[in-house]
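Listed below are the residues making up each chain.
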Amino acid sequence: MIDKPITDPVLIEKFKTMHEDGMTVFMLGEDQIRGAFFHGTRFVNKMRVQHNLGLLESLALGHASLCGALLIPTMKGRDRIIFRCDTQGPLVGFSVEAFSEGFVRGYLLEDPIRPDVPLETWDLKPLFGEGKISVIRFPEGAKEPLTGIIEIKHKNIALDLSEYFLQSEQTVTGFNTGVQFDKEGRIIGAGGIYIQVMPGAEEALIEKVERAFAACPSIGQWFAEGGDREDVIFGLFRDCNPKVLIERKIDFYCPCSEDNFRNKLFTLPEKELADMYENGPEQIELYCHNCGSVYKYPKTILKEKIDVH
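Residues numbered from 1 in each chain as written. Predicted model: local features only at pLDDT ≥ 70, side-chain atom pairs only at ≥ 80, totals over all residues. Heavy atoms only, no water.

### Focus: the overall build of the protein chain
- Each helix and strand in the protein chain was counted, giving nine helices and 13 strands.
- Computed over C-alpha atoms, the radius of gyration of the protein chain comes to 21 Å, within 12% of the 19 Å expected from 2.2 N^0.38 for 309 residues, which places it in the range of a compact globule.
- For the C-alpha atoms alone, the extent of the protein chain along its principal axes is close to 80 × 45 × 40 Å.
- In the protein chain, which comprises 309 residues, the share counted as buried stands at 52%.
- Within the protein chain, counting contacts between residues at least 6 apart in sequence, those at least 24 apart form 65% of the total.
- Put simply, the protein chain shows about 15,300 Å² of open surface, and 50% of that area lies on carbon and sulfur atoms.
- For the protein chain, the separation between the mean place of its 35 positive charges and that of its 47 negative charges on side chains is 2 Å. (Helix = DSSP H or I, 4+ residues; strand = E, 2+ residues; numbered from the N terminus. Rg over C-alpha atoms; globule rule 2.2 N^0.38 Å. Buried < 20%, exposed > 50% of the residue type's maximum accessible area, 1.4 Å probe, protein only. Contact = heavy atoms within 4.5 Å. Areas by Shrake-Rupley, 256 points an atom, 1.4 Å probe, with all protein chains shown as cover. Lys, Arg positive; Asp, Glu negative; His and termini not counted. Charge placed at Lys NZ, Arg CZ, Asp CG, Glu CD.)

If you want it as C-alpha cells, here you go:
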C-alpha cells in the first residue's frame, strides 16, 4: 500500500488527547458470551485519507470497515472474511475485507454516493434499497470459500450484519458502530462493539447482556470525548463478570505492492501487452480499489514480456 499520511493539524492535535486505537477482546458470564470493543478513530481517518472520501462516503465506509474489524475475533488461524453489501439504493454497496492478522481494507462500489434527496440526519437508511448482504469466509487451508447471503432487512450496516449471523450462522450476535464528526466534517471519534452468545449460555445472562448492550452510549461520541474501552466493558457489563482476554492492534492496511501489481500486469496476454507498448501512454497507472493506491510504471517494463523488434 502507498501510505497517505493524515496531515490535518487539527486532527493530529485531537489524536494527542485521545486514547490509542485498539481492540479489547473479552468474555462475559464465565465464558458464555464473547465480545470485542474497538476504538478506531485513527483507523477510520486512515481509511478516509487513503480513498480521499467525502463526508457521506466516509460515514458509510466507516461503519462498514468498523464492522469488518469486529469480524476479526471470529476468525481462526490465517483466515480472512469479505463483508459485502449490494443494494439498489444510492449507496450501491461496499466490499470490506478483514484479515485475522489484524488489518482491514475496503472500498465503496460507487464513489461519490448520490442520494435521491439530501440527508437530514446521520441515518444511512435512505441510501439503501432492496439488496443483499454477503459474508464470504476464506478459512486457512480450505479449497473453497464459505459464502452466506441474506436479504437486506434493517437498512443499517451493523444491524444487517447482526441479522446475517442470526439467519445464516444461527448465532445471536450484536454489532454496534459509531462515527462522530465535528462541525467542519472531521472524524473525531469512531469505534464499534460486538457480542456473541456461545452455545449453552444461560437465558438469564443473555437477557442481562442484551439489556446492557442496548444501553451502550453513542460509540463515536464516547471516543470523541476521551472515553476508553475499559470503562465501557467493566461499567456497561459490570453485572456480567467481564474478563479481558487480549488487546489487539487493528489497522486499515492493504498488502498490495508495486511488485504485486507488476506481476498482475504481466499476466495479461502478450498481444494485449504489445498493444499497450505500441499504442499506450508512456506511463502505465494501476489502481488498487481496496486502498486507493496508484502504482505507476514506465511502459518500457513491458519489454520484459513481449518480443520487441
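### Examining helix 2 (residues 41-51)
- In terms of burial, helix 2 is a largely internal element, 10 of the 11 residues being buried.
- For helix 2, the full list of buried residues reads Thr41, Arg42, Phe43, Val44, Asn45, Lys46, Met47, Arg48, Gln50 and His51.
- Trailing helix 2 by a residue or two, asparagine 52 shows a phi angle of about 55°, which is positive.

### A short note on the sheet that holds strand 6 (residues 131-138)
- Within the open sheet, the six strands sit side by side as 7-6-3-4-5-11. Their pairing is mixed. The open sheet has two edge strands, strand 7 (146-151) and strand 11 (251-252), and neither has a second partner.
- Helix-sheet contacts for helix 3 (residues 55-71) involve strand 3 (80-87), strand 4 (93-99), strand 5 (103-108) and strand 11, and the interaxial angle to strand 5 is about 145°. (Pairing = 2+ DSSP bridges. Axes fitted to C-alpha atoms, helices over the stretch in contact; angles between N-to-C directions.)

### Some words on the sheet that holds strand 8 (residues 173-181)
- Taken in spatial order, the five strands line up as 8-9-2-1-10 in an open sheet, and their pairing is antiparallel. Of all the strands in the sheet, the pair left with one neighbour each is strand 8 and strand 10 (243-248). Taken pair by pair, the neighbouring strands of this sheet meet at an average axis angle of 15°, ignoring direction.
- As paired strands, strand 2 (residues 33-39) and strand 9 (residues 187-197) are joined by seven bridges and run antiparallel to one another. By the bridge assignment for strand 9, isoleucine 33 is matched with valine 197.
- On the sheet, helix 2 packs against strand 2, strand 8 and strand 9 and is oriented at approximately 115° with respect to strand 9.

### Comments concerning the packing of helix 2 against helix 3
- The contact between helix 2 and helix 3 brings their axes to 9 Å, and the two run at 130°. Considering the angle they form, helix 2 stands oblique to helix 3. Every pair of crossing elements has a handedness; the one defined by helix 2 and helix 3 is right-handed. In contact with Phe43, Val44, Met47, Arg48 and His51 of helix 2, helix 3 contributes Leu55, Ser58, Leu61, Gly62, Ser65, Leu66 and Ala69.
- In terms of residue class, the contact of helix 2 with helix 3 is built from seven nonpolar, four polar and one charged. (Parallel < 35°, antiparallel > 145°, perpendicular 65-115°, else oblique. Left-handed = near helix turned anticlockwise from the far one by under 90°. Nonpolar A, V, L, I, M, F, W, Y, C, P; charged D, E, K, R; others polar.)

### A look at the pairing of strand 9
- For strand 9, the tally of buried residues reaches 11 of 11 residues, placing the bulk of the element in the interior.
- Judged from the nine bridges that link them, strand 8 and strand 9 form a sheet pairing that is antiparallel. The partner of threonine 177 across the bridge, within strand 9, is glycine 192.

### Quick word on the packing of aromatic side chains
- Evaluated as defined, the whole model comprises 12 aromatic pairs.
- With 4.4 Å between their ring centres and 20° between their planes, phenylalanine 99 and phenylalanine 103 make a pair best called stacked.
- On the accessibility criterion, phenylalanine 99 (10% relative accessible area) is buried.
- Assessed through its relative accessible area of 14%, phenylalanine 103 is described here as buried. (Phe/Tyr/Trp six-rings, centres within 6.5 Å; stacked < 30°, edge-to-face > 60°.)

### Focus on the pattern of salt bridges
- By the definition in use, this model includes 19 salt bridges.
- Across the salt bridge formed by lysine 16 and glutamate 13, the nearest N and O atoms sit 3.0 Å from each other. Placement of both lysine 16 and glutamate 13 in helix 1 (residues 9-16) is noted, with a separation of three residues, approximately one turn of the helix.
- On the basis of relative accessible area, glutamate 13 is assigned to the partly exposed category, the value being 44%.
- Between lysine 249 and aspartate 251 there is a salt bridge, with its nearest N and O atoms 3.5 Å apart.
- Salt bridges sharing common partners tie together Asp8, Asp182, Glu184 and Arg186. (Salt bridge = Lys/Arg side-chain N within 4 Å of Asp/Glu carboxyl O.)

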